[in-house]
Amino acid sequence: MKCTKYLINKFDVLTTRKTINYQNTKLKTVNLINIIDMFLQYYTFFNKDSIKLNSRILKQLYTSQYVKYLDYLIENNFIVLWKNYSVGYKSKTFKLHSSAKKSKIYSINIDIPDRLYNKIKLINMSSNSHVEDWLKQKLIDDLYKININLTKVKQWLNNNQLDEKSYLVNLTACTKIYNKDIYYSFDNYGRFHTNFTVLKKEIRNKYLKFGENNIKEIDIINSQPFFLYILMKKYGFNDFDGFDIDVLNGTIYDKIASISGKTRKEVKPNIYSVLFGKNLSKTFWNKLFGDLYPNVYLWLKEYKTINKSYKIIAQELQFIESDFIFNNLIPNILLYNPTLPIITIHDSIIIPDYAYDNVLSIFNTTKQQLLNNELKLKKYSRIYDYA
């Protein structure tokens, strides 16, 4: 299988031979490249420099020699052991070495043995998620139905001033899509990560097709504040200080942009820092949000304190988003057309343009059912009696 992988200059030699000798063992370079790519992909796609690696999965992929593969990468200052085994877990956490993070990342095309490629696909398919297996398989199959105009994508990338990292991420993801080298993974919080979720929206809308059909994307406006509103309603909160009105009107980012003198594009990540951060200091954005929606801000701080984690909000909103998309919206769409191809971009969906009007109606109806508390959402939080 022809695959696109990330690499850094230090390991150029791996592309010129099939094996290397290390500790009296011949290590397969394709396995080393695959592990290197995994770390660099997490770092470039998700800005995460550490990965928890399960020994059972590593053994499945690389036999019992996986330890030597990791030792080789540690010895060559690519990764470091960050956290050793925890009680009850067969996983160690490894972190990118500081020198690796400073290295120039580039992409290469290599042949991955079908056996290894299929093992990786099976592991990604079976990852922990509350999405039902039949729907997982449907969503994975639909990823391969997309065609991409790679020539036009390259022209767009060259004509638009992206930073080096964004350029590499989008070019690599598009090359993978073109070669049908599809990446997918269901994470523990219900999200479905693919080559498509990292693409610029302009690329998705202009250069993707389902066969010969153009695509349409439908999303929830200001989705994270929207799902926060759903979470707070679930616990009986109703003193929103106008937060509910701004969220349901889809104007919360525009309102804060007007007040702050910033652009909507600048506002969004900073509001995320309020919703998903520690809220330990009176930063400009904590103060602005707290002054505008004092009761909502207080609820956020108390909820994180009660659950002993500032990450709880992000985790629960992802669970609600995933539950809405995978367990309610998409099944409703498939009742209308069981064979309709669908690709999810977290809080949005991509469909063929011929189905847009019908799917938009289903989308709005299901969203209203969520607002009316008519959907059966699962409870994921650690504490359920907070109000």
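Residues numbered from 1 in each chain as written. Predicted model: local features only at pLDDT ≥ 70, side-chain atom pairs only at ≥ 80, totals over all residues. Heavy atoms only, no water.

1. Observations regarding the side chain of Thr4
Here is step 1: With respect to the helices, strands and loops of the structure, Thr4 is situated in strand S1 (residues 2–8).
Here is step 2: Given a relative accessible area of 2%, Thr4 falls into the buried group.
Here is step 3: Only 2.8 Å separates the side chain of Thr4 from the side chain of Asn109, close enough to count as a polar contact.
Here is step 4: For Thr4, the contacting residues outside a window of four places in its chain are Asp37, Ser107, Ile108, Asn109, Thr172, Thr175, Lys176, Asn179 and Asp181. (Helix = DSSP H or I, 4+ residues; strand = E, 2+ residues; numbered from the N terminus. Buried < 20%, exposed > 50% of the residue type's maximum accessible area, 1.4 Å probe, protein only. Polar contact = N/O pair within 3.5 Å; in protein donor to acceptor, adjacent residues only side chain to side chain. Contact = heavy atoms within 4.5 Å.)

2. Some remarks on the pattern of salt bridges
Oppositely charged side chains may form a pair once their charged atoms are brought near each other.
Here is step 1: Counted by the stated rule, this structure contains 13 salt bridges.
Here is step 2: In this structure, the salt-bridge partner of Asp37 is Lys5, at a minimum N-O distance of 3.7 Å. In this pair, Asp37 is assigned in helix H1 (residues 29–46) and Lys5 in strand S1, connecting sequence segments 32 residues apart.
Here is step 3: Using a relative accessible area of 9% as the deciding quantity, one classes Lys5 as buried.
Here is step 4: The partner of Arg264 in a salt bridge is Asp254, with the nearest N and O atoms 3.6 Å apart. Residue Arg264 is found in helix H13 (residues 264–276), and its partner Asp254 is found in helix H12 (residues 252–260); the two are separated by 10 residues along the sequence.
Here is step 5: Salt bridges sharing partners connect three or more residues here, namely Lys138, Asp142 and Lys145. (Salt bridge = Lys/Arg side-chain N within 4 Å of Asp/Glu carboxyl O.)

3. Description of helix H8 (residues 164–178)
Here is step 1: For H8, with 15 residues, the first-to-last C-alpha span of 21 Å sits near the 21 Å given by 1.5 Å per residue.
Here is step 2: Of all 15 residues that make up H8, 11 are buried, and the element is covered over most of its length.
Here is step 3: Buried within H8 we find Ser166, Leu168, Val169, Asn170, Leu171, Thr172, Ala173, Cys174, Thr175, Lys176 and Ile177.
Here is step 4: Elements in contact with the buried residues of H8: S1, H1, strand S7 (105–111), strand S8 (146–148), helix H7 (150–159) and helix H9 (201–207).
Here is step 5: For H8, the side-chain oxygen to backbone nitrogen distance between the N-cap and Lys165 is 3.1 Å, and the N-cap itself is Asp163. (Expected span 1.5 Å × (residues − 1).)

4. A few points about the sheet that holds strand S5 (residues 79–83)
Here is step 1: Taken in spatial order, the 3 strands line up as S4-S6-S5 in an open sheet, and their pairing is antiparallel. At either end of the open sheet lies a strand with only one pairing partner, and these are strand S4 (50–54) and S5. The mean angle between the axes of side-by-side strands here comes to 40°, regardless of whether they run parallel or antiparallel.
Here is step 2: With 5 bridges joining them, S4 and strand S6 (residues 91–96) adopt antiparallel strand pairing. By the bridge assignment for S6, Ile51 is matched with Phe94.
Here is step 3: Along the sheet face, H1 touches S4, S5 and S6 and points at about 140° away from the line of S4. (Pairing = 2+ DSSP bridges. Axes fitted to C-alpha atoms, helices over the stretch in contact; angles between N-to-C directions.)

5. Describing a positive patch on the surface
Here is step 1: A cluster of basic residues, Lys48, Lys52, Lys83, Lys278 and Lys311, forms a positive patch at the surface.
Here is step 2: As for its position among the elements, Lys83 is in strand S5. (Patch = residues over 30% accessible without salt bridge, like charges linked within 9 Å, V, L, I, M, F, W, Y side chains within 5 Å. Areas by Shrake-Rupley, 256 points an atom, 1.4 Å probe, with all protein chains shown as cover. Lys, Arg positive; Asp, Glu negative; His and termini not counted. Charge placed at Lys NZ, Arg CZ, Asp CG, Glu CD.)

6. Side note on the packing of aromatic side chains
Centre-to-centre distance and the angle between the planes together describe a pair of aromatic rings.
Here is step 1: Scanning the entire structure with this criterion turns up 26 aromatic pairs.
Here is step 2: Here Phe186 and Phe192 contribute two aromatic rings whose centre-to-centre distance is 4.2 Å and whose plane-to-plane angle is 15°, an arrangement assigned as stacked.
Here is step 3: Residues Phe240 and Phe243 carry aromatic rings whose centres are separated by 6.4 Å and whose planes lie at 15° to one another, so their mutual orientation is stacked. Taken as a pair, Phe240 and Phe243 share a single burial class, namely buried.
Here is step 4: Following the ring pairs from residue to residue traces out a cluster consisting of Tyr229, Tyr235, Phe237, Phe240, Phe243, Phe289, Tyr293, Tyr297, Trp299 and Tyr303.
Here is step 5: Above the ring of Phe226, the side-chain terminus of Lys367 is found at 5.2 Å from the ring centroid. (Phe/Tyr/Trp six-rings, centres within 6.5 Å; stacked < 30°, edge-to-face > 60°. Lys NZ or Arg CZ within 6 Å of the ring centre and 35° of its normal.)

7. Re the state of the cysteines
Here is step 1: On inspection of all chains with the given rule, the structure shows 0 disulfides.
Here is step 2: You can see Cys3 has no disulfide; the closest cysteine sulfur is in Cys174, sitting 16 Å from it.
Here is step 3: In this structure Cys3 comes out as buried when scored by relative accessible area, which is 0%. (Disulfide = S-S within 2.5 Å.)

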